[in-house]
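Coordinate analysis (summary)
Now for the letters of each chain:
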Amino acid sequence: MAKTDTSPSAKGGKGNALDGWTDDPRKLLRARANVPIARFERDSTPGWDLGKEAAIEQTAKRGEIMAELQERLWAQANAGESDQSLLVVVQGLDTAGKGGVARHVLAMVDPQGVSMTAFKKPTPTEAKHDFLWRIEKALPKPGYIGFFDRSHYEDVLVPYVQNKLKGGNLEKRLDKINRWEKALGEKNITVVKFALLVSYKEQAERLLERVDRPDKQWKYSPSDIDTRADWFEYQSAYEEILQNSDTDNAPWYIIPADHKWYARHAITEIISRTLADMNPQWPKPTYDVEAERSRILATMDSEQLEDYEDEKAEKAPKRSREEADFKAKVAELNPDADAATVTRKFDGKNAHGAAYDFGAQVTSWKPDGTERLWLSSKAPKHGDPARGGVPICLPWFGNGVDGKQTPKHGLARSQSWQFVGQHQDGGRVIAKWALPKGALATDNGLWADLSATYEVSFGNKLRLQLTVTNEGKKAVDFENALHTYLKVSDIEKTRIDGLQKVKYVDKVPGKEGTRSSKSEIRFEGETDRIYLGSGPVTVKDGTSQLQISTDGASNIVIWNPGGKRAKEFADIKGSEWRNFVCVEAANVLDDALRLKPGKSHTMKYEVAID
């Protein structure tokens, strides 16, 4: 099998990032993919098969994300931390829906951070200058979203139709625009351009409606029908523009405009993804937070402060969830986002915990105020899971049964899982994630039909439950493991009891083989064993003991790299190798699972403090 490409672009429609789209609309609607426009269907809905109502609902949801991203863009510029801005260019013939985009898309963000300009026929003063002179004056300031209803491209469209761009002048003008737009990028102005293409038939009906309806008659101008008479010349002009000024610095997106709801939905999606790529952040305060808090406290009486703190504590869990949800959505919209930064915190009466949406990786469990899971002090590289906590290995372990699979330990740990929700149960917090069918697809399609859910209970005990379902029509073979990193004070003083006389496969180079031991496990150098049994086991760490039990697992994996091997791992710094031991529930090698169509398998793992 060829190595699996797990880059964001390769994962395409897998996972939750598309939210109903069959593919990223930036890819589907890019001009270079849709010219010549004579073949472009103006009443189509590329990438969206769920209909109008679902699109309107999803547009509103994206609007919430777009609004916060815009507020961050404004805030960081206002604080002097960034000079980023966004320029949205919308071109289209009369009735194409340019004004509707302004009213229905840009209206979802704070109007204080939007500058709108509608370019009409140049005034006498504007006509005395270069055609870009008036455009330059309308560019968005740092922190703003600039919206151009028509633009500098009017100075290509109209002269082209009037046959005034001859003898290479068309190419010169478009080349000048391309160079100018590239310079905008160097000024931190991100540019996205939308060509709203309405059909000849639909335009006639919209013009007629303007004449027939008193509330729309003000929109109509007798010159509109004169422009319509030059329909085909304008289509040719758009063809030249889209073919010759669609650049990576300032991309053109062709929007089929016969369905207004689709046009607004697609533009909202593309603007949201563009803002996510810009990745605006809340600015850091320029004052001493604690000092200013003390000054405010001095103006409040004790009763008012007590009420405030109670309300703050009550709102804190919700606010934490909302923040994590927002980060997760931005990470999905931005293919280059580091999803491992989306941390969810779970605070219950009996324990506190944390996890990433990336890989649904549990990173913390504090049942008694003491951290019981180990996590590397080194942040992971982009696209890599963190070392530590509880990575999920699926649909293969290591390099797979055949030893040829990459990346190591499967795809599930390098995917953004969908956070389903959380609830309190007594003193526990129970959280749940899901991975949809298709997320584990590889070149050979072996695991494309698998889906998974993962439930974690943070309480006096840590309970993990991984359920894998075969949604296909053929049996699927796979491996899985819960690669748990337990925190210990010193690995060389740690003992593991419960696996005496159980055969194990030794994976340490130079020690390969199958054997068993009559004594408890001690650690001297690298230890890498796959036990052909499932415990239960006891991890003895000085006066503390952890009881590990599993269900639905045929193997226990014990691993610690030892001091010498640890030097090969960039994410195990210094003597950190001394402070963890991996005790993993697994189904690997000859104990790999075969799941029949429509069936599910659940593996459980529990840690209790003795």
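Report follows, based on the coordinates. Note that the structure is a prediction, hence the values are computed from the model and not measured. (Residues numbered from 1 in each chain as written. Predicted model: local features only at pLDDT ≥ 70, side-chain atom pairs only at ≥ 80, totals over all residues. Heavy atoms only, no water.)

What to know about the overall build of the protein
This is how the line gets drawn: Where helices and strands are cited, they refer to DSSP runs of H or I of at least four residues and of E of at least two residues respectively, numbered from the N terminus. Remark: exposure states derive from per-residue accessible area (1.4 Å probe, protein chains only) relative to the maximum for the residue type, with buried under 20%, exposed over 50%, and partly exposed in between. What makes two residues a contact is simply this: any of their non-hydrogen atoms within 4.5 Å.
The helix and strand tally for the protein stands at 15 helices and 26 strands. For the C-alpha atoms alone, the extent of the protein along its principal axes is close to 95 × 70 × 45 Å. Out of the 610 residues belonging to the protein, those deemed buried represent 49%. A fraction of 71% describes how many contacts in the protein between residues 6 or more apart in sequence connect residues 24 or more apart.

A look at the packing of aromatic side chains
What counts here: Only Phe, Tyr and Trp rings take part, Trp by its six-membered ring, and two of them pair if their centres are within 6.5 Å. Stacked means planes under 30 degrees apart, edge-to-face means over 60, and tilted covers everything else. Distance and angle both matter: a charge sits over a ring if NZ of Lys or CZ of Arg is within 6 Å of the ring centre and within 35 degrees of the ring normal.
One pass over the structure, following the stated rule, counts 23 aromatic pairs. Taken together, a centroid distance of 6.0 Å and an interplanar angle of 85° make the contact between Phe346 and Trp433 edge-to-face. In this pair, Phe346 is assigned in strand 6 (residues 343–347) and Trp433 in strand 11 (residues 428–435), connecting sequence segments 87 residues apart. The exposure classification of Phe346 matches that of Trp433, with both residues buried. Seen in terms of ring centroids, Phe419 and Trp433 are 5.4 Å apart; in terms of plane orientation they differ by 65°. Their pairing is edge-to-face. Taken as a pair, Phe419 in strand 10 (residues 418–425) and Trp433 in strand 11 lie far apart in primary sequence, 14 residues in all. One exposure class covers both Phe419 and Trp433, and it is buried. An aromatic cluster is present here, built from Phe346, Trp417, Phe419, Trp433, Tyr454 and Phe458 joined pairwise through their rings. Its end group placed over the ring of Phe131, Arg173 keeps NZ or CZ at 4.5 Å from the ring centre. The cationic tip of Arg344 hangs over the ring face of Phe419; the distance from NZ or CZ to the ring centre is 3.8 Å.

Re the pattern of salt bridges
Using the following cut-off: Whenever Lys or Arg places a side-chain nitrogen within 4 Å of a carboxyl oxygen from Asp or Glu, that contact is recorded as a salt bridge.
Under the definition given, this model contains 42 salt bridges. A salt bridge links Asp357 to Arg344; the shortest N-O distance between them is 2.8 Å. Here Asp357, found in the loop between strand 7 (352–356) and strand 8 (362–366), pairs with Arg344, found in strand 6; they are 13 residues apart in sequence, far enough to count as distant. With respect to class, Asp357 is no different from Arg344; both count as buried. Put simply, Glu492 and Arg578 hold a salt bridge, and the shortest N to O gap is 3.1 Å. Of this pair, Glu492 sits in the loop between strand 16 (485–487) and strand 17 (495–497) while Arg578 sits in the loop between helix 15 (562–566) and strand 24 (580–587), and the two are 86 residues apart along the sequence.

Section: the packing of helix 7 (residues 154–161) against helix 8 (residues 169–186)
The axes of two packed helices give the description: the angle between them and the distance between them. Spelled out, the test is: Whenever a helix is involved, its axis is fitted only over the stretch in contact; in every case the axis is a line through C-alpha atoms, and angles between N-to-C directions fall within 0 to 180 degrees. Any angle from 65 to 115 degrees is called roughly perpendicular, while one under 35 is roughly parallel, one over 145 is roughly antiparallel, and all others are oblique. Only Asp, Glu, Lys and Arg are considered charged in this grouping, and only Ala, Val, Leu, Ile, Met, Phe, Trp, Tyr, Cys and Pro are considered nonpolar; every other residue, Gly among them, is considered polar.
Viewed as axis vectors pointing N to C, helix 7 and helix 8 meet at an angle of 175°, and their least axial separation amounts to 11 Å. What the angle tells us is that helix 7 and helix 8 run roughly antiparallel. Along the contact surface, helix 7 presents Asp155, Val156, Pro159 and Tyr160, while helix 8 presents Leu170, Arg173, Leu174 and Ile177. Looking at side-chain class alone, the contact of helix 7 with helix 8 contains six nonpolar, no polar and two charged residues.

Some details on the sheet that holds strand 6
In plain terms, the rule: Think of it this way: DSSP has to see at least two bridges between two strands before they count as a pair.
The strand order 6-7-8 describes an open sheet built from three strands, whose pairing is antiparallel. A strand with exactly one partner marks an edge of an open sheet, and here the two such strands are strand 6 and strand 8. Averaged over all pairs of adjacent strands, the angle between strand axes in this sheet comes to 10°, irrespective of strand direction. Bridging between strand 6 and strand 7 involves five bridges; their strand directions are antiparallel. Looking across to strand 7, one finds that Lys345 is bridged to Ala354.

Observations concerning the pairing of strand 21 (residues 537–541)
A large share of strand 21 lies buried, amounting to four of its five residues. Pairing of strand 21 with strand 22 (residues 544–551), which is carried by five bridges, proceeds in the antiparallel orientation. Each bridged residue has a counterpart across the sheet, and for Lys540 the counterpart in strand 22 is Gln545. As consecutive antiparallel partners, strand 21 and strand 22 are separated by two residues, and within that stretch Gly542 has a phi angle of approximately 65°, a positive value.

A closer look at the layout of surface pockets
The test is simple: Any residue with an atom within 4 Å of a point lines the site, the site being either a cavity, points on a 1 Å grid over the protein atoms alone where a 1.4 Å probe fits but cannot get out, or a pocket, an open set with protein on both sides within 12 Å along at least 5 of 7 lines. Grid points are joined across faces, edges and corners, and a volume is the space filled by probe spheres set on the points.
Within this model, the largest pocket holds a volume of roughly 1,200 Å³. Taken together, 42 residues line the largest pocket, and the ones lying closest to its centre are Asp94, Lys98, Lys120, Arg150 and Asp224. Those elements giving two or more residues to the lining of the largest pocket turn out to be helix 4 (98–104), helix 7, helix 9 (200–212), helix 10 (222–229), helix 11 (231–244) and helix 12 (260–278). Residue classes in the lining of the largest pocket are distributed as twelve nonpolar, ten polar and 20 charged.

Remarks on the packing of helix 3 (residues 51–78) against helix 14 (residues 302–333)
Close contact between helix 3 and helix 14 brings their axes to 11 Å; oriented N to C, the two are set at 95°. Taken together, the axes of helix 3 and helix 14 lie roughly perpendicular to each other. Packed against helix 3, whose contacting residues are Arg62, Ile65, Glu68, Leu69 and Arg72, the element helix 14 presents Phe326, Lys329, Val330 and Leu333 at the interface. When grouped by side-chain class, the residues that make up the contact of helix 3 with helix 14 number five nonpolar, no polar and four charged.

Some points on helix 9
Quick note on the threshold: To estimate the expected span of a helix, subtract one from its residue number and multiply by 1.5 Å. The arc in question is formed by the directions pointing from the helix axis toward the C-beta atoms.
Compared with the 18 Å implied by 1.5 Å per residue over 13 residues, the 19 Å span of helix 9 between its first and last C-alpha is a close match. Regarding helix 9, the residues found buried are Glu202, Gln203, Arg206, Leu207 and Arg210. The buried side chains of helix 9 occupy one side of the element, clustering within an arc of 135° when seen end-on. When the buried face of helix 9 is taken as reference, the exposed residues oriented beyond 90 degrees from it are Lys201, Leu208 and Asp212.

Thoughts on the sheet that holds strand 4 (residues 189–197)
Strand order in the open sheet formed by five strands is 2-3-1-4-5, with parallel pairing between adjacent strands. On the outer flanks of this sheet lie strand 2 (114–118) and strand 5 (252–256), each paired with one strand and no other. Pairwise comparison of adjacent strand axes, ignoring direction, gives a mean angle of 20° for this sheet. Two elements, strand 4 and strand 5, share five bridges in a ladder whose sense is parallel. Bridge assignment links Phe194 to a residue of strand 5, and that residue is Tyr253.

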